[in-house]
Amino acid sequence: LYKRYSSSLYKAYSLFFVVGTIGALQFPVVGTLPFTSAEQLGPMGVFLGFQVLEFVERTMKPGMESREKWQRRIRMYTLAVAAAIGAITVLSATGVYNINGLSVRVKSLFIKHTKTGNPLVDSVAEHQPGNADSYYRFLHFNYFIAPIGFCFSVVHFMFDGSAGALFLPLYGLVAYYFANRMVRLIIFLGPVAACLVGVCIGYAIEDALSIMRNDDIEQAETPSETETPKSAKKKSKQAAYKKPEPLSVTVKRDMTKWWMSSTVRQIRLIVTVLALVFTSTKIPVFYKYSHQMAEGMSQPSIMFKGQLNDGRTVMVKDYVEAYDWLRTQTPEDARVMAWWDYGYQITGIGNRTSIADGNTWNHEHIANLARMLTSDEAKAHKVIRHLADYVLVWAGGGGDDMAKSPHLFRIGASIGSGRATAV
């Protein structure tokens, strides 16, 4: 419909899908998900659609009229869709092929998150939408420059119209949508924000140089200046019978005329120079902030640098040493109870069984765990002794279990009967 399809696009996407899928299948945890998960069927559907589209275009007979081409396309597309639906129906009915439904996390990307009343669900950070503070924290000055680059990219696409010119605006919109749904997905904005900032700065420099060299006002002379009266009269007579030009052409011509006017060119040059000078003064600040963020994110949560009162820097290894103690001082079949945040670390580093971790989907189980951790010791022990052999509790300030206890108490009090006591 858009008349931008080409065999190059078909080859690029087909190669991307095949290589990416083969790479994903090398991980046992992925398994057959690229072919059976509803979340990942979209790329496969596009891949199969490209095969049909390429086959139809390559087998199109030369010399066919536009109407005949569209009739053949519609027949082939309808046949392909019907064949796909039939194959899926037969395979699903025989149990050979089953499609897994969308997970709750994926559904939340398209359905507005509402308060469920369950403190555990409502408090999960990934359910919170992105906001201005989080955007600025992760993007810094790019937060202000990237939208300008996006506008430049959109205008470039309006005048160019190529598929390549559409890539950045489309990528930016998709990334912003998902970042606005979940704060942790702001990571998707990183690459496209950097590209848009580059577009903005690069265009500003090129525009300023072209204005100073007067390259942007080299226009052909008007017909009234170069044509003879006779030829001009003939062309004006032909123009009377000419069809009116499309609105888009008129708008583009008027915008170009306004953009190239002497006043606008002077304003563009002044604004561009001031903006580039101001941006250059912020480079050291951005460089320092980027390295601080990189250092903060590169430190693992189980081992980090700390500073003593006398200014000395030390390496805090409390987590690692605790998990090492579990691995060496407890029986191999020991069960360890701790808040679910530490479940993976207990299993992966301590090599012991944890009764809850980040993959525990039973909210009631997590809530019972919270009740045990925030109840009276004698009362909690009656239950804990049936579930675990050891209890791991973190203390010492910061984000320890004492700081989390009000949150744990709310989660524990959200189910069942009885009364929990906050620590």
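Residues numbered from 1 in each chain as written. Predicted model: local features only at pLDDT ≥ 70, side-chain atom pairs only at ≥ 80, totals over all residues. Heavy atoms only, no water.

A. Expanded view of the environment of R268. Residue placement: R268 occurs in helix 14 (residues 262–281). Look at R268 and you get buried, because its relative accessible area is 7%. It is 7.6 Å that separates the C-alpha atoms of R268 and A208, two residues lying 60 residues apart in sequence. (Helix = DSSP H or I, 4+ residues; strand = E, 2+ residues; numbered from the N terminus. Buried < 20%, exposed > 50% of the residue type's maximum accessible area, 1.4 Å probe, protein only.)

B. Quick look at the nonpolar core. Core analysis: the biggest nonpolar cluster contains 26 residues, and Y323, M337, W339, Y342, I346, L369 and L392 have the highest contact counts within it. Secondary-structure elements contributing two or more residues to this core are helix 16 (318–329), strand 3 (335–337), helix 18 (363–374), helix 19 (377–387) and helix 20 (401–412). The element that contributes the greatest number of residues to this core is helix 18, accounting for 6 residues. The residues touching L369, leaving out its near neighbours within four places in the chain, are M337, A338, W339, W340, I355 and A356. Within the second largest apolar cluster, 14 residues are counted, among which are Y135, L168, A193 and V197. (Core = buried A, V, L, I, M, F, W, Y, C linked by side-chain atoms within 4.5 Å. Contact = heavy atoms within 4.5 Å.)

C. Molecular detail of a nonpolar patch on the surface. Together, V155, M158, F159, V251 and M255 make up an exposed nonpolar region whose accessible area comes to about 400 Å². With respect to the helices, strands and loops of the structure, V155 is situated in helix 8 (residues 142–160). (Patch = residues over 30% accessible without salt bridge, like charges linked within 9 Å, V, L, I, M, F, W, Y side chains within 5 Å. Areas by Shrake-Rupley, 256 points an atom, 1.4 Å probe, with all protein chains shown as cover. Salt bridge = Lys/Arg side-chain N within 4 Å of Asp/Glu carboxyl O.)

D. Just the packing of aromatic side chains, in detail. On inspection of all chains with the given rule, the structure shows 15 aromatic pairs. Sitting above the plane of the W70 ring, R73 keeps its charged end 4.8 Å from the centroid. (Phe/Tyr/Trp six-rings, centres within 6.5 Å; stacked < 30°, edge-to-face > 60°. Lys NZ or Arg CZ within 6 Å of the ring centre and 35° of its normal.)

E. Region of the structure containing the pairing of strand 2 (residues 313–316). Of the strand pairs in this sheet, strand 1 (residues 304–307) and strand 2 are connected by 4 bridges, and their pairing is antiparallel. Opposite K305, over in strand 2, you have M315 as the bridge partner. If you look at the hairpin formed by strand 1 and strand 2, you'll find 5 residues sitting between the two strands, and G311 has a positive phi there, around 95°. (Pairing = 2+ DSSP bridges.)

F. View of the environment of Q299. Its location among the elements puts Q299 in the loop between helix 15 (283–298) and strand 1. When its relative accessible area of 35% is taken as the criterion, Q299 is described as partly exposed. When near neighbours in sequence (up to four residues on either side) are disregarded, Q299 contacts F304 and K305.

G. The packing of helix 3 (residues 41–58) against helix 4 (residues 66–93), seen in detail. Packing of helix 3 against helix 4 leaves a shortest axis separation of 10 Å and a crossing angle of 150°. Crossing of helix 3 over helix 4 shows right-handed handedness. Counted together, V52, L53, F55, V56 and E57 of helix 3 and R72, R73, M76, Y77 and A80 of helix 4 form the full contact between these two elements. A breakdown of the residues in the contact of helix 3 with helix 4 according to their chemical character gives 7 nonpolar, no polar and 3 charged. (Axes fitted to C-alpha atoms, helices over the stretch in contact; angles between N-to-C directions. Left-handed = near helix turned anticlockwise from the far one by under 90°. Nonpolar A, V, L, I, M, F, W, Y, C, P; charged D, E, K, R; others polar.)

H. Expanded view of the side chain of D401. You can see D401 is positioned in helix 20. No salt bridge is formed by the buried D401; the nearest opposite charge belongs to K404, separated by 4.7 Å. Look past the residues within four positions of D401 in its chain and what remains in contact with it is Y342, L392, V393 and W394. (Lys, Arg positive; Asp, Glu negative; His and termini not counted.)

I. Inspection of the confidence of the model for the protein chain at higher detail. Averaged over all residues, the pLDDT of the protein chain equals 80, while 83% of them reach at least 70. With pLDDT under 50 throughout, residues 219–227 is counted as low confidence; its partners more than four residues away or in other chains account for 3 contacts. pLDDT under 50 marks residues 418–423. Its contacts with residues more than four places away, or in other chains, come to 15 contacts. (pLDDT = per-residue confidence, 0-100.)

J. Representation of unusual backbone geometry. Despite not being glycine, H140 shows a phi value in the positive range, around 55°. A relative accessible area of 4% means that H140 is categorised as buried. We note that N351 has phi near 55°; this positive angle belongs to a residue other than glycine. By the secondary structure assignment, N351 is in the loop between helix 17 (343–348) and strand 4 (353–354).

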